[in-house]
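Per-entry structural report
Each chain, letter by letter, is given below.
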Amino acid sequence: MEFGGSTPDISTYTTNLGPIRAELTPTPADDPSDQLNIAGMPAMEGRVTVLDLRPVNNLDEEHTYLYAPGTPLNSSTLDTDPGIPQTQYHVKLSFASFDQFTTVTPAGAPTPNTAANPFIGPNPLRQLQSNPAPDNTPPISISFGGHTSTGSFLLDTGADVSFLSTAEAAKMHVEYATDSHGNQLLDSDGDPYLVSTDDGTTMIANQFVVPIEGTGGEVDATGFYLDSLTIPTVEGEPLIFVDAPVVVLDITVQDPNTGKTLTLDGDLGMNFLTASLDLNSFDINGGAFDWATFDQPNGLLGLTLTGDEPIEIATGSTITAASDSAIGDTGLTLAFTGGKLAVTTSFTSSRPMEVGAAGGTIDAATGATLLLNSPSLTWMGGTLNTTDHGTVTFALSGASVYVIPGSTLNINAGSTVFVAGNTDPFTDSITASNHVAIVNNGVFIVNANSSIAGITGAGALGLGVGSTGNTLQLAPGSGLSTVSSLTINTGSTLDLTNNHLIINYAGAPDPIATVRQYLISGYNNGTWNGPGISSSSAAAASSYALGYADGADGVVPGLSSGQIEIKYTLYGDANLDGVVNGTDFTILAGHLGKIVKGWDQGDFTYAGVVNGLDFTMLVAHLGKADNGASVELPTADWTAIDAFAAANGLMADVPEPGAAATLFGIGAGLLTRRARRVITPG
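Within each chain, residue numbers correspond to sequence positions counted from 1 in written order. Note on the predicted model: pLDDT of at least 70 is required for a residue's local features to be given, and 80 or more for side-chain atom pairs to be given and counted; whole-chain, interface and lining totals, by contrast, use all residues. As a rule here, side-chain values come from all non-hydrogen atoms in the structure, and water together with hydrogens is ignored.

1. Brief notes about the sheet that holds strand β27 (residues 334-337)
As a reminder, the rule being used: Any two strands with at least two DSSP-identified bridges between them are counted as paired. Secondary structure elements are taken from DSSP: a helix is a run of H or I of four residues or more, a strand is a run of E of two residues or more, and numbering for both begins at the N terminus. Fitted lines through C-alpha atoms give the axes, limited to the stretch in contact for helices. The angle between two N-to-C directions lies from 0 to 180 degrees.
The 5 strands are arranged β25-β27-β30-β33-β36 in an open sheet whose pairing can be described as parallel. Two strands lie at the open edges of the sheet, namely β25 (311-314) and β36 (400-403), each paired on one side alone. Strand-to-strand twist across the sheet, computed as the mean angle between neighbouring axes with direction ignored, equals 10°. In this structure, strand β30 (residues 353-355) lies alongside strand β33 (residues 376-379), joined through 3 bridges in parallel fashion. The residue of β33 that forms the bridge with Val355 is Trp379.

Structure, rendered in structure tokens:
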């Protein structure tokens, strides 16, 4: 759908946006600047808004488009139906809903369609909440006369000018001139003017006055030029506007129910994004950007600097990376939008890299290597494939990484991906809970601290090189991961957190002895913080551990011979089914006092023998599921456990009264009463 085109026939508006209320002019105005085409946030929800900011000869040629996410760029219709262009920089946004400040008159009248508004900076409504959720969205920074401040600015594509609140202006030591009674003073032209708060009289240089049209009518607001206005980007390279014009204006809303008010820190209008008019000289200044995209679903403002279009590797195209000149100048973003980068010889790229929603492919020929040491790496929800038989190395140091959940690195069979450097290429630099998932059917070698949204496939995983220690974490909540083989070199760690892993070793020698040594090291006498295979989740929860089983033992239902399973679960869950019950007790009882080779035989302390300590761990969690729920056990189970404890001299290993397993009293007469109780660990 296009808004603001030169042919506003109703048939132009082909996208169903209802039911919403939008202000669209039915016919062109004599002065294009008087045309009213406003599609607010309800129209933009779930879509990507594309603003063509390239210079035009007249205002009739300004274009804004709405697209479904993932719509590809169409260079043949760039001026009329461009699709979504790849952008060079991305600004993280927060969203604030102002529904609580909305009233309708008369009562019962239809309410307007609303949606949350985007802000550069944390959600400003947090200051009205008693226990606000954390919001680490980077704010805008401003400076003037040696004074600095940060704030959350409304991203307002409908505003011609940008403004600061009087409170933010005061932080710049700028205020409106007033008399001793607080009445606003006017200059010889009848306009309000700005002075320094240091003495209340020194006028701020280079002021200008702008008429502001609002629901309450028109008011004159005075502006000045900030020394700088800085917008942070997820690429880590800020966009800095020098001599940035802003007016001083308060936009305040009030909650009709609580009476609480909120004044916005500021508003970022279109004068920073497109060509603008210098109100002092009436000179037109070219805009800094060619394109802007407002990606509402992913909370991103995308921007492309004028003349700095990314090097796009589009669907159906192949670019050969044989030298720097083959894929453009150093510094331009290498943007994958469905196409292929062919690597025929060893090649190093120091460009920013972006994997768009359409993904892309790196095809490294046999013996060829691609070294990526990008200053920024952006994952936009697509899949980056590596193919052929070369090696692709992510060696980021001091880089900025941005990740949209759902992003994937797919390592195809025969391909190798190596990770080095001091920056994790798979974890968002700002939102640490956003990770890239790995699908590995080749070889994945990690020699850097990284966190991923799980790893699946039939490939090999290796951690560390030589004695260099590092940690690969499977992000909490990643679920089941799979590998064909696992190699952990000295000092390195695989942190499973609260997930589980299956090693499919079928056709190879059983690696259970090596896996057990990794686990013993990670167990570290119950602290779960050692190198090898560990769990930071278990380290923080004393009832939990990493249990494991070899399918060759035939203990875990569904676990085939040729598979090893490692799972975050409760101590005592011998068969890894997520519940500690009579089945687990039977397994332990059959091995008590014996030298064994695994958790699935009742060795919960990794001691190599099943003893009273293992029994104590089991009874402490009897009748409990690993999700915290209580599970009622049959009477026969309690009877058997009581009898077993008494017969094997394990009464001393039973927890003291008041703890979970105080059911083990002395005297056969208590058995029936105990058997009816459900254990709830204390």
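2. Here's the deal with the sheet that holds strand β51 (residues 563-570)
Inclusion rule: Any two residues whose heavy atoms approach within 4.5 Å at even a single point are treated as in contact.
Spatially, β45-β48-β51-β50 is the arrangement adopted by the 4 strands of the open sheet, whose pairing is mixed. Lying at the two open borders of the sheet, with one neighbouring strand each, are β45 (480-483) and β50 (544-550). Within this sheet the neighbouring strands show an average axis-to-axis angle of 20°, counted without direction. As judged from the 7 bridges shared by β50 and β51, these two strands associate in the antiparallel manner. Note on β51: the bridge partner recorded for Leu546 is Tyr568. Relative to β50, helix α3 (residues 512-523) is tilted by about 175°, and along the sheet it contacts β48 (500-504), β50 and β51.

3. Section: the packing of helix α5 (residues 582-589) against helix α7 (residues 635-647)
Our working definition: With respect to orientation, any angle under 35 degrees is reported as roughly parallel, any angle over 145 as roughly antiparallel, any angle of 65 to 115 as roughly perpendicular, and every other angle as oblique. Should the near helix be turned counterclockwise from the far one by less than a right angle, the crossing is left-handed, whereas a clockwise turn marks it as right-handed. Polarity classes work like this: nonpolar for Ala, Val, Leu, Ile, Met, Phe, Trp, Tyr, Cys and Pro, charged for Asp, Glu, Lys and Arg, and polar for all others, with Gly in that last group.
Two elements in contact, α5 and α7, have axes separated by 10 Å at closest approach and are oriented at 30°. As far as their axial angle goes, α7 and α5 are roughly parallel. Here the hand of the crossing between α5 and α7 comes out left-handed. Between α5, through Gly582, Phe585, Leu588 and Ala589, and α7, the contact on the second element is made entirely by Asp637, Ala640, Ile641 and Phe644. Taken together, the residues of the contact of α5 with α7 sort by class into 6 nonpolar, 1 polar and 1 charged.

4. Focus: unusual backbone geometry
Note the threshold: Whether a residue is buried, partly exposed or exposed follows from its accessible area with a 1.4 Å probe, protein chains only, as a fraction of its type maximum: under 20%, in between, or over 50%, in that order.
Here the phi dihedral of His173 falls at roughly 65°; this positive angle occurs in a residue that is not glycine. Inspection of the secondary structure assignment puts His173 in the loop between α2 (166-171) and β13 (174-176). Owing to a relative accessible area of 27%, His173 belongs among the partly exposed residues under this scheme. At Tyr606, a position not held by glycine, the phi torsion is positive, near 60°. Tracing the chain through its elements places Tyr606 in the loop between α5 and α6 (612-620). Owing to a relative accessible area of 6%, Tyr606 belongs among the buried residues under this scheme.

5. Concerning the packing of α5 against α6
The description of two packed helices rests on the angle between their axes and on the distance between the axes. As a packed pair, α5 and α6 sit with axes 11 Å apart at the nearest point and diverge in direction by 175°. When the axis of α5 is compared with that of α6, the two are roughly antiparallel. When α5 is examined against α6, the residues Asp584, Phe585 and Leu588 are found in contact with a partner set consisting of Asp614, Phe615 and Leu618. Residue composition of the contact of α5 with α6, by class: 4 nonpolar, no polar and 2 charged.

6. Focus: α3
Stated precisely, the cut-off is as follows: For a helix, the expected span equals 1.5 Å multiplied by the residue count minus one. Arc definition: it is the arc formed by the directions from the helix axis to the C-beta atoms.
Taking 1.5 Å of rise per residue, 12 residues should cover 16 Å, and α3 covers 16 Å from first to last C-alpha, within 8% of that figure. Along α3, the positions that sit buried rather than exposed are Ile512, Val515, Arg516, Tyr518, Leu519, Gly522 and Tyr523. Take α3 and look down its axis: the buried residues cluster within an arc of 160°, on one side only. Turning to α3, the residues buried within the fold contact β46 (485-488), β48, β49 (532-534), β50, β51 and α6. Just downstream of α3, Asn524 is the residue with a positive phi angle, here 50°.

In short, the description is geometric, and any link to function would need to be established separately.
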